[in-house]
Amino acid sequence: MARKTVYRGKSLAAKSDKDPLAPKGRSKHWFGQKGMDGFHHRSWMKNQGLPHHLFDGRPVIGICNTWSELTPCNAHFRVLAERVKRGIYEAGGFPVEFPVTSLGETLMRPTTMMFRNLASMDVEESIRANPIDGVVLLVGCDKTTPALIMGAASCDLPTLALSGGPMLNGRYGDETIGSGTHVWKFVERQKAGTMTFDQMTEAEACMSRSVGHCMTMGTASTMASMVESLGLGLPSNAAIPAADSRRNVLAHMVGRRIVEMVDEDLRMSKILTRKAFENAIRVNGAIGGSTNAVVHLLAIAGRMGVNVSLDDWDKFGRDVPCLVNLMPSGKYLMEDFYYAGGLPVVMKELAENGLLHKSAKTVNGKTQWANVKDATCYNRDVIHSLEKPFKENGGIAVLRGNLSPSGAVLKPSAATAGLMQHRGRAVVFEDIDDYKARVDDPKLDIDETSIMVLKNCGPKGYPGFSEVGNMALPAKLLKKGVTDMVRISDARMSGTAYGTVVLHVAPEAAAGGPLALVREGDMIELDVKGRRLHLDVSDAELAARKAEWQPLESPARGYAKLHEDHVMQADTGCDLDFLVGKSGAEIPRESH
Ligand code: FES
């Protein structure tokens with residue numbers, strides 16, 4: 001017999017708020033009850049000083065907060081949550097803030113990516129288990145955005161995402177510096193002997209000088225832009241700086257709007273359609289967005305049951321030029337982007353040229369076109385037109401061949417034009433420890449025509465799919481003035497990084513993919529235009545090597561084991577296989 005876990009065994013398919021199982025009525029099954037259960041549900045809540053009229057059936061709005069002092073990019077979220085609450089109260093709702101697992105990119109080991117799916121489970125179960133009719137997701141640092149959207153998608157309530165906003169521009173001496181991007185530059189300068197350790201220390205505070213997330217077009221800003229382009233956030237969500245009072249105004253308006261969304265039964269599934277994903281893929285190309293968006297959007301689509309594939313990234317992003325002159329591809333930062341008009345200008349440019357589904361619906365109840373048609377560009381050096389783009393190649397290139405049968409990705413806008421077609425000798429690092437131990441060895445047999453290959457850093461390998469794919473170049477080549485080389489791995493790359501870097505090779509080495517079989521001295525061909533990645537070794541030789549291949553030792557217990565046993569490969573979004581899809585927000589049975 002199937003285990004019964006839902007109230008009356010019914011799903012939330014009803015649309016009218018007269019139906020007790022409609023989202024607006026969902027919380028009534030806790031707070032609207034009489035007798036002992038109603039007493040339980042209301043009485044303990046009242047210890048927070050809540051008056052009885054809040055339990056009169058008004059929409060209960062969960063504010064899903066990733067605030068944490070260990071996630072510095074989200075450390076201002078308590079303030080933001082208070083502003084959302086103001087809006088909710090003003091619109092007649094009942095706000096309830098709750099914490100979920102936070103994912104601090106700069107501190108968590110081995111990598112936040114390993115915990116994205118864990119956090120998404122926390123979000124999904126927290127929403128479903130509680131008397132919540134609609135949800136506001138407070139997102140910011142890289143993985144907090146996809147984790148919360150994935151978890152909420154599996155519940156499919158009316159949901160609005162609010163990004164925390166980027167930090168103000170960094171400034172070191174007379175140089176404008178960007179989060180992450182300048183860390184790589186500083187490390188290279190230190191390796192080349194042109195920057196001292198004390199100067200590096202001084203630059204730390206110069207880079208991170210306000211609340212907010214990375215202010216380059218790294219993964220956080222990319223994902224904030226994805227929120228807006230998917231229609232899940234209000235217009236201007238992506239770029240208003242965290243320290244700008246208009247970010248608090250946006251939070252206030254989010255609070256007002258989510259109450260209306262519950263009344264309108266405007267659920268995630270009505271927003272996150274195939275059209276919304278196609279829009280987001282094109283916007284990613286136009287902003288020169290992070291390669292990380294590929295895995296995150298694939299995972300979100302998987303939760304929603306929308307059929308989006310890795311090839312869609314090439315199909316819809318291939319002809320989209322990069323319009324935005326932001327680091328790491330360009331020279332400006334998110335603060336400049338906001339002053340120039342922000343993402344609505346980019347989306348208007350795409351829409352006017354047939355590259356955006358104008359009719360896609362958004363959380364404010366309007367179409368994308370209605371939201372962006374009046375956008376004005378105030379600085380064409382920051383946001384270029386489609387006619388005169390910043391870079392011709394914006395989207396993500398998906399590469400296939402005998403080295404990446406399930407695909408690999410490369411970000412052309414961050415790569416060197418002269419290396420987009422290249423044949424070179426492999427210099428192989430078996431894992432990240434091997435790389436660290438040998439890369440700066442003066443005896444390492446490598447020159448600028450070599451191709452650096454890194455194995456065992458994929459979803460299972462690191463474990464968790466770390467951002468080490470943009471391996472720093474050997475010190476001896478940096479000292480010679482070499483600035484880029486072809487690098488290939490099954491790892492990811494920080495959205496703030498740059499270079500001719502082939503990432504997400506699938507299947508990964510730890511899963512026995514062909515990458516595991518590459519040996520020192522093999523010749524590799526990269527042809528970005530032809531979308532090809534080829535290992536010039538015969539099939540017979542590869543089969544012989546495969547017979548000798550030994551898998552890595554698996555984790556013995558805990559979440560690491562669950563992750564390794566169930567994580568999917570990069571080309572399908574790296575979700576845990578049993579989390580794909582959604583279960584809705586059915587009401588669990590009473591525990592007493
Ligand atoms: Fe949090 Fe970059 S470290 S957004």
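Heads up: the structure comes first, above all this text.
Residue numbers restart at each chain and count upward from 1, following the sequence in its written direction. Selection of residues for local features in this predicted model requires a pLDDT of at least 70, selection of side-chain atom pairs for listing and counting requires 80 or more, and totals for whole chains, interfaces and linings are taken over all residues. Excluded from the side-chain calculations are hydrogens and water; all other atoms, namely the structure's heavy atoms, are used.

Engineer: I keep staring at the overall build of the chain and nothing clicks. Help me out?
Structural biologist: Along the backbone of the chain there are 21 helices and 14 strands. Only C-alpha atoms enter the radius of gyration; for comparison, a globular chain is expected to reach 2.2 Å times N to the power 0.38, where N is the number of residues. Relative to the compact-globule value of 25 Å for 592 residues, the chain shows a C-alpha radius of gyration of 24 Å, a close match. Each principal axis of the C-alpha distribution contributes one length, and for the chain these read about 80 × 60 × 50 Å. A 1.4 Å probe rolled over the protein chains alone gives each residue an accessible area, and that area as a share of the maximum for its type sets the label: buried under 20%, exposed over 50%, partly exposed in between. Expressed as a percentage of its 592 residues, the buried residues of the chain come to 61%. Taking contacts inside the chain between residues at least 6 apart in sequence as the whole, the part at least 24 apart equals 75%. Reported accessibility uses the Shrake-Rupley method at a 1.4 Å probe radius. Residues are deemed covered only where the shown protein chains occlude them. Taken as a whole, the chain presents about 22600 Å² of accessible surface, with 51% of it coming from carbon and sulfur. Of the side-chain charges in the chain, 71 are positive and 69 negative, and the distance between the mean point of each set is 6 Å. Secondary structure elements follow DSSP: runs of H or I no shorter than four residues count as helices, runs of E no shorter than two count as strands, and numbering proceeds from the N terminus. The contact criterion used throughout is that any non-hydrogen atoms of two residues lie within 4.5 Å. We treat Lys and Arg as the positive residues and Asp and Glu as the negative residues; His and chain ends play no part in the count. Charge positions are represented by NZ for Lys, CZ for Arg, CG for Asp and CD for Glu.

Engineer: Can you walk me through the packing of aromatic side chains in this structure?
Structural biologist: Two measures describe an aromatic ring pair: the distance that separates the ring centres and the angle between the ring planes. Only centres within 6.5 Å qualify two rings of Phe, Tyr or Trp (six-membered ring in Trp) as a pair; their planes then separate them into stacked at under 30 degrees, edge-to-face at over 60, and tilted for everything else. What the rule picks out here adds up to 7 aromatic pairs. Aromatic side chains Tyr 338 and Tyr 339 sit 6.2 Å apart centroid to centroid with 50° between the ring planes, which places their arrangement in the tilted category. Among the residues examined, Tyr 338 registers a relative accessible area of 17% and is labelled buried. Looking at Tyr 339, the relative accessible area reads 44%, which means it is partly exposed. An aromatic cluster of three or more residues is present, and its members are Phe 31, Phe 55 and Phe 94. In this arrangement the basic side chain of Arg 492 is found over the ring face of Phe 465, its NZ or CZ atom lying 5.6 Å from the centre. We count a charge as sitting over a ring when the NZ of a lysine or the CZ of an arginine lies within 6 Å of the ring centre and within 35 degrees of the ring normal.

Engineer: Help me out: how do you make sense of the sheet that holds strand S12 (residues 501–506) in this one?
Structural biologist: The strands making up a sheet associate through backbone hydrogen bonding, with each pair oriented either parallel or antiparallel. Sheet architecture is open: 8 strands sit in the order S7-S8-S12-S11-S10-S9-S13-S14, paired in mixed fashion. Across the chains shown, the open sheet's two edge strands, defined by having one partner strand only, are strand S7 (397–399) and strand S14 (532–535). Mean inter-strand twist for the sheet, computed between neighbouring axes without regard to direction, equals 25°. Direction of pairing for strand S9 (residues 421–429) relative to strand S13 (residues 523–527): antiparallel, over a ladder of 5 bridges. What sits directly across from Arg 423, in S13, is Glu 525. Axis lines are fitted to C-alpha atoms, over the contacting stretch for helices. Their N-to-C directions set the angle, which ranges from 0 to 180 degrees. Packing of helix H14 (residues 310–317) onto the sheet brings it into contact with S7 and strand S8 (407–410), and relative to S7 it is tilted by some 135°. We call two strands paired when DSSP finds no fewer than two bridges between them.

Engineer: Is there a simple way to think about the pairing of S14 in this case?
Structural biologist: Across a regular strand the side chains alternate sides, sitting on one face of the sheet and then on the other. In the sheet, S13 pairs with S14 via 4 bridges, with the strands oriented antiparallel. If you follow Glu 525 over to S14, its bridge partner there is His 534. Here S13 hands over to S14 after 4 residues, with Arg 531 in that stretch at a positive phi of 55°.

Engineer: Where do I start with the nonpolar core in this structure?
Structural biologist: Within soluble globular proteins, side chains that are nonpolar generally end up buried alongside one another. Ranked by internal contacts, the top residues of the largest apolar core, which has 120 residues, are Leu 137, Leu 272, Phe 277, Trp 313, Phe 337, Val 346 and Leu 350. No other element matches helix H13 (residues 292–304), which puts 9 residues into this core. Those residues in contact with Phe 277 that lie beyond four places of it in its chain are Leu 230, Leu 272, Leu 297, Ile 300, Ala 301, Val 306 and Val 308. Listed in part, the 28 residues of the second largest apolar core include Ala 415, Leu 419, Val 453 and Leu 526. Definition of nonpolar core: a set of buried residues of the types Ala, Val, Leu, Ile, Met, Phe, Trp, Tyr and Cys, connected through side-chain atoms within 4.5 Å.

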